[in-house]
Amino acid sequence: MSLKAGIVGLPNVGKSTLFNAITKAGAEAANYPFCTIEPNVGVVEVPDERLQGLSAVVSPQKTIPTTFEFVDIAGLVKGASRGEGLGNKFLAHIREVDAIVHVVRCFENPDVTHVSGRVDPVSDIETIDLELIFADMDTVNKRLDRMRKQTKSGDAKAKEEVSLLERIAEALEQGLPVRRLGLSLEEKLAIRDLHLLTEKPVLYAANVQESEVAAQSTALVDVVRVVAAAENAEVIVISAQVEAELAELDPEDRVAFLEELHLSESGLDRLITAAYRLLGLITYFTAGPQEVRAWTIHRGTKAPQAAAVIHTDFEKGFIRAETVGYEDLVRAGTMNAARDAGRLRLEGKDYVVQDGDVMHFRFNV
């Protein structure tokens, strides 16, 4: 399952520094032979201590974490929705991602020019949001024109869609992103093919100076938190400069540097975990002597569809899933001991996979 978060922001907010840190700290492309890495895509491993726990139990030849992709969307500028600054190209890139990481400048530095001449997180966020809203208005209005013509023939389904589109258009006119409307699953499916930019979930990355990252709170960061709270969005406080320095260090020096800054984990790790959470993703594992591996699925996925993440044949010929919880397996010490303790379960097609399940699929094609 290839999932992407697009990194957006105005020029000179630290977005490029952060993305460069992501690519330097990223997963080795050689470990993922079926993944084509474009120049503007950084693939990172999702941090998960459970992989080490499973590897200690199973002693596999290799351990493979699940991954997440960050896409660098070149700096948006005012007027992007009208094509300024190659805006149309950048907006097209945003349409292709699953979520948006909005990098907001929360630091003062006279040596780093701000495009509007002053550091104002609220104004910066509004500038990006408005460009995305304008682009969505254009998309929605074009669909509305077409669907209104269909209603003249008495098409009931077209009338339903027109009603939904008019509600969305009204919200956009008021400067509200679609994600704030609380659309039902059915409504989201009805407009899925529009790929609306403001429907995508957003995570705010407040970029602060190195000296401020340990505090996790400044006056400028607090302003971003107020904006984020209005749409139940999360704010991750990072220092892009710190992440760039961490990406250059080996693991031991990285730990020492984090301790020096009074941080328990990097901002990048927190960003990855938050993006994973934002998209409603969970992890299940497969474990054997060849490899221990983490797999990404959406919360609520049933066993056959979870199996399809490994291979579509697993879903087609699904028979059952031998399943044990991560904690139960580690506590038992071995798969056989977990089975003897009654912790290994046989689950069928209707089983909803839980985060941390260790699974072995039985199938017949």
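In what follows, the structure referred to is the one given above.
On a predicted model such as this, the values are computed, not experimentally measured, just so you know. (Residues numbered from 1 in each chain as written. Predicted model: local features only at pLDDT ≥ 70, side-chain atom pairs only at ≥ 80, totals over all residues. Heavy atoms only, no water.)

A.B. asks: Summarise unusual backbone geometry; cite the residues concerned and give the values.
C.D. replies: Trans is the common state for peptide bonds, and a negative phi is the common state for residues other than glycine. One non-glycine residue, asparagine 12, lies in positive phi territory at about 65°. When you line up the elements, asparagine 12 lands in the loop between β1 (4-8) and α1 (15-24). Of the residues examined, asparagine 12 reaches a relative accessible area of 41% and is grouped as partly exposed. (Helix = DSSP H or I, 4+ residues; strand = E, 2+ residues; numbered from the N terminus. Buried < 20%, exposed > 50% of the residue type's maximum accessible area, 1.4 Å probe, protein only.)

A.B. asks: Pulling in residues and values, what's your account of the packing of α1 against helix α8 (residues 240-247)?
C.D. replies: A pair of packed helices can be characterised by two numbers: the angle between their axes and the separation between those axes. The interhelical angle for the contact between α1 and α8, taken along N-to-C directions, is 25°, at an axis separation of 8 Å. Our classification of the angle between α1 and α8 gives roughly parallel. Between α1 and α8 lies a crossing whose hand is left-handed. Every residue of α8 that contacts α1 at Thr17, Leu18, Ala21 and Lys24 is listed here: Ala240, Gln241, Glu243, Ala244 and Ala247. In the contact of α1 with α8, the residues fall into five nonpolar, two polar and two charged. (Axes fitted to C-alpha atoms, helices over the stretch in contact; angles between N-to-C directions. Parallel < 35°, antiparallel > 145°, perpendicular 65-115°, else oblique. Left-handed = near helix turned anticlockwise from the far one by under 90°. Contact = heavy atoms within 4.5 Å. Nonpolar A, V, L, I, M, F, W, Y, C, P; charged D, E, K, R; others polar.)

A.B. asks: Quick one: what's the story with the packing of helix α4 (residues 121-151) against helix α5 (residues 156-173), residue by residue and with numbers?
C.D. replies: The contact between α4 and α5 brings their axes to 9 Å, and the two run at 155°. Our classification of the angle between α4 and α5 gives roughly antiparallel. As for the relative orientation of α4 and α5, their crossing is left-handed in sense. Two secondary-structure elements touch here, α4 through Ile133, Asp136, Met137, Val140, Asn141, Arg143, Leu144, Met147, Arg148, Gln150 and Thr151 and α5 through Ala158, Lys159, Glu161, Val162, Leu165, Glu166, Ile168, Ala169, Leu172 and Glu173. Along the lines of polarity and charge, the residues of the contact of α4 with α5 split into 11 nonpolar, three polar and seven charged.

A.B. asks: Mind laying out the nonpolar core, listing which residues take part and the relevant values?
C.D. replies: Membership of the largest hydrophobic core comes to 62 residues, with the highest contact counts inside it found for Phe68, Phe70, Ile94, Val101, Tyr204 and Leu271. Broken down by element, this core gets its largest block of residues, six residues, from helix α10 (residues 267-278). If you look at the next biggest cluster of nonpolar residues, it comprises 17 residues, including Ile133, Leu144, Val162 and Leu183. (Core = buried A, V, L, I, M, F, W, Y, C linked by side-chain atoms within 4.5 Å.)

A.B. asks: Tell me about the pairing of strand β8 (residues 281-287), and name the residues and values.
C.D. replies: Counting buried residues along β8, six of its seven residues qualify, which places the element largely inside the surrounding structure. As paired strands, β8 and strand β9 (residues 291-298) are joined by seven bridges and run antiparallel to one another. Bridging across to β9, alanine 287 finds its partner in valine 292. The turn linking β8 back onto β9 is made up of three residues. (Pairing = 2+ DSSP bridges.)

A.B. asks: Account for the packing of aromatic side chains, with residues named and values stated.
C.D. replies: One pass over the structure, following the stated rule, counts five aromatic pairs. On the numbers, 5.9 Å between centres and 90° between planes, the contact of tyrosine 284 with phenylalanine 361 is edge-to-face. You can see tyrosine 284 sitting in strand β8 and its partner phenylalanine 361 sitting in strand β12 (residues 357-363), a full 77 residues away along the chain. Of the two residues, tyrosine 284 and phenylalanine 361, both sit in the buried class. Put simply, the rings of Tyr284, Phe314, Phe318, Phe361 and Phe363 touch in pairs and so form one group of aromatic residues. (Phe/Tyr/Trp six-rings, centres within 6.5 Å; stacked < 30°, edge-to-face > 60°.)

A.B. asks: Talk me through the sheet that holds strand β6 (residues 202-207); I want residue IDs and the actual numbers.
C.D. replies: Reading across from one edge, β2-β4-β1-β5-β6-β7 is the order of the six strands in this open sheet, with mixed pairing throughout. At either end of the open sheet lies a strand with only one pairing partner, and these are β2 (41-45) and β7 (234-238). Strand-to-strand twist in this sheet, taken as the mean axis angle between neighbours without regard to direction, amounts to 25°. One ladder, built from five bridges, connects β2 with strand β4 (residues 67-72); its direction is antiparallel. Paired with glycine 42 across the strands is phenylalanine 70, a residue of β4. Together, β1, β5 (99-105) and β6 form the strand contacts of α4, whose direction differs from that of β5 by roughly 145°.

A.B. asks: I'd like a rundown of the environment of glycine 175, residues and numbers included.
C.D. replies: Locating glycine 175 in the fold gives a position in the loop between α5 and α6 (185-190). Judged by relative accessible area, which is 32%, glycine 175 ranks as partly exposed. Here the alpha-carbon distance between glycine 175 and aspartate 129, two residues 46 residues apart in the chain, equals 8.3 Å.

A.B. asks: Explain the pattern of salt bridges to me, using residue names and the numbers behind them.
C.D. replies: Applying the stated criterion to the full structure yields 19 salt bridges. In this structure, the salt-bridge partner of aspartate 48 is arginine 50, at a minimum N-O distance of 2.8 Å. Note on aspartate 48: relative accessible area 16%, which makes it buried. The shortest N-O distance in the salt bridge between aspartate 129 and arginine 179 comes to 3.8 Å. With aspartate 129 in helix α4 and arginine 179 in the loop between α5 and α6, this residue pair connects regions lying 50 residues apart in the sequence. (Salt bridge = Lys/Arg side-chain N within 4 Å of Asp/Glu carboxyl O.)

A.B. asks: I'd like a rundown of α5, residues and numbers included.
C.D. replies: Look at α5: 26 Å from first C-alpha to last across 18 residues, which is about the 26 Å you get at 1.5 Å a residue. All of the buried residues along α5 are Ala158, Glu161, Val162, Leu164, Leu165, Ile168, Ala169, Ala171 and Leu172. Phi turns positive one or two residues past the end of α5, at glycine 175, with a value near 85°. (Expected span 1.5 Å × (residues − 1).)

A.B. asks: Kindly report on helix α2 (residues 50-58), identifying the contributing residues and their values.
C.D. replies: Within the sequence span of α2, burial applies to Arg50, Leu51, Gly53, Leu54 and Ser55. Looking at the packing, one finds that the buried side of α2 touches β3 (62-64), β8, β9, α13 (326-332) and β12.

In short, the description is geometric, and any link to function would need to be established separately.
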